[in-house]
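Structural features, examined
What follows is each chain in one-letter form.
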Amino acid sequence: MTKPTDKLSPNYFATLSARVAALRAAGYDVIRLDIGSPDLPPAVHIVEALTCSARDSTSHGYQPLSGSSEIRRAWAQLYQNQHGVKLDPEDLLPLLGSKEGVFHLSLAILNPKDVVLIPDPGYQTYAQGARFAGAEPVSFPLLPENGFLPDLDAIPIETARRARLMWLNYPNNPTAAVADLEFFARAVEFARSYGILLVHDAAYTQVTFDGWRAPSILEVPGAADVAVELNTLSKSHNMAGWRLGIAAGNAEAITALLKLKTHADSGHFLPVQDGAVAALTGDQGWLVTRNAVYQDRRDAAMTALRGMGLLPHSSKASLYIWCPIPAGWRSMDFALHILNTAHVSLTPGIIFGPRGEGYFRLSLVRPVDVIETAMNRISNRLKVLY
Ligand SMILES: Cc1ncc(COP(=O)(O)O)c(C=O)c1O
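Residues numbered from 1 in each chain as written. Predicted model: local features only at pLDDT ≥ 70, side-chain atom pairs only at ≥ 80, totals over all residues.

Focus on the overall build of the protein
Assigned secondary structure in the protein consists of 13 helices and 12 strands. The C-alpha radius of gyration of the protein comes to 21 Å, within 12% of the 21 Å expected for a compact globule of 386 residues. For the protein, the spread of C-alpha atoms along the three principal axes comes to 60 × 55 × 50 Å. Per-residue burial over the protein gives 49% buried out of 386 residues. (Helix = DSSP H or I, 4+ residues; strand = E, 2+ residues; numbered from the N terminus. Rg over C-alpha atoms; globule rule 2.2 N^0.38 Å. Buried ≥ 20, exposed ≤ 12 C-beta atoms within 10 Å, placed from the backbone.)

And the structure:
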């Protein structure tokens, strides 16, 4: 019997985790540089706010389906401080992580056969959400010669006319590319001229290096007419397990998403929301120190990769390095070979789409010494191979 879930691909990381567990059970020390789950904890004041709230006997019931007014106000404050964008807290919708928002927004607004423009390579949930909604994902390439930004003029007019939704994500997973406000302004104009809902997935705006400031698409005047931005505390505040995201921007899309969510989930545990309020409104100075830690890891990994004769692309933000694999390999075979022989887990580029073939993604989620050990192991394998 066919089921709706037949339309979904297996989640690569679920399969990978089973393989890593088997290697570890066999006694191998596997270094995971695959998934982008921050290894560092959130700041102490955040955890204290959560535990303090959890001790309150009144914290344990169902919460308003659109989140506490405090958390919506706290997100609005962050946007004001970080981006100079004034948002009405009443228009914001908390999410159970931005992944939930990506998937459910697709279900909330797409009709069968709608075209959805997705980046290739790109975060897998964009295509999975579109397929599950019965829509048609049509990819646009992110090419190194364009700085991994889409060439909006190269999207065929007929495709643009049929498109209902378009996904963007900068700083980008998996390429680590960044976009400036001028690009976002052009993307908003493109969406406006074709009547497309533009969704910017801003998961990495606060993980930046070398003084780069990543803009929000909502900094473009009038963006909310056509755009939604999804944001999350997962990477920005080392809170991936907390499942805390937000949708901001286009009111019609957010209302549709809330309607769906009132049937699909019942919001967050209040102490989690209270911790998030502390994260969003408390001292943000620790993020500078945290970003410096990632930057050191990036530098260590870049130096080692170049020392192996590889040519990683620059990484001004995100948790990732996007690197071409040695000639003659398919990315899945290369990642598997490195996992089985060097016991280092990298993400094969192909899982992000056909244009990801020929690359691997390395996540900066282990300390410098562990990254250096991993790089030495890979280097030794490459010496055996070449
Ligand atoms: C581009 C992108 N969007 C969304 C997510 C999901 O983040 P969250 O933990 O908020 O669901 C990720 C996680 O890796 C991501 O890379």
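Next comes the rest of the write-up.
So, the packing of helix α3 (residues 69-83) against helix α10 (residues 270-281)
Packing of α3 against α10 brings their axes to within 9 Å, and their N-to-C directions diverge by 20°. It follows that α3 is roughly parallel to α10 by the angle criterion. Note on packing geometry: the crossing formed by α3 with α10 is left-handed. Residues E70, I71, A74, W75, Q77 and L78 of α3 form the contact with α10, whose own contacting residues are Q273, A276, V277, L280 and T281. (Axes fitted to C-alpha atoms, helices over the stretch in contact; angles between N-to-C directions. Parallel < 35°, antiparallel > 145°, perpendicular 65-115°, else oblique. Left-handed = near helix turned anticlockwise from the far one by under 90°. Contact = placed C-beta atoms within 7 Å.)

Considerations on the domain arrangement of the protein
Buried accessible area, meaning the area lost when the parts come together, often serves as the stated size of an interface. For the protein, the assigned domains read domain 1 (4-42 + 285-385) and domain 2 (61-281). Here domain 1 and domain 2 have C-alpha centroids that lie 25 Å from each other. If you look at the interface, domain 1 gives 32 residues, while domain 2 gives 32 residues. Every element with two or more residues in the side of domain 1 that touches domain 2 is listed here: α11 (285-307) and β9 (320-324). Taken together, the residues that form the side of domain 1 that touches domain 2 break down as 16 nonpolar, 11 polar and 5 charged. (Domains from an automatic or database assignment. Nonpolar A, V, L, I, M, F, W, Y, C, P; charged D, E, K, R; others polar.)

What to know about the nonpolar core
Residues V188 and L198 are the most contacted members of the largest nonpolar core, which totals 113 residues. When residues of this core are sorted by domain, at least three fall in each of domain 1 (4-42 + 285-385) and domain 2 (61-281). (Core = buried A, V, L, I, M, F, W, Y, C linked by C-beta atoms within 7 Å.)

Thoughts on helix α4 (residues 98-109)
For an α-helix the count is 3.6 residues per turn, leaving residues at separations of three or four pointing the same way. The terminal C-alpha atoms of α4 lie 16 Å apart, and with 12 residues this matches the ideal 16 Å at 1.5 Å per residue to within 8%. Extensive coverage of α4 is indicated by the burial of 10 of its 12 residues. Residues of α4 that are buried include every one of S98, K99, E100, G101, V102, H104, L105, S106, A108 and I109, and no others. (Expected span 1.5 Å × (residues − 1).)

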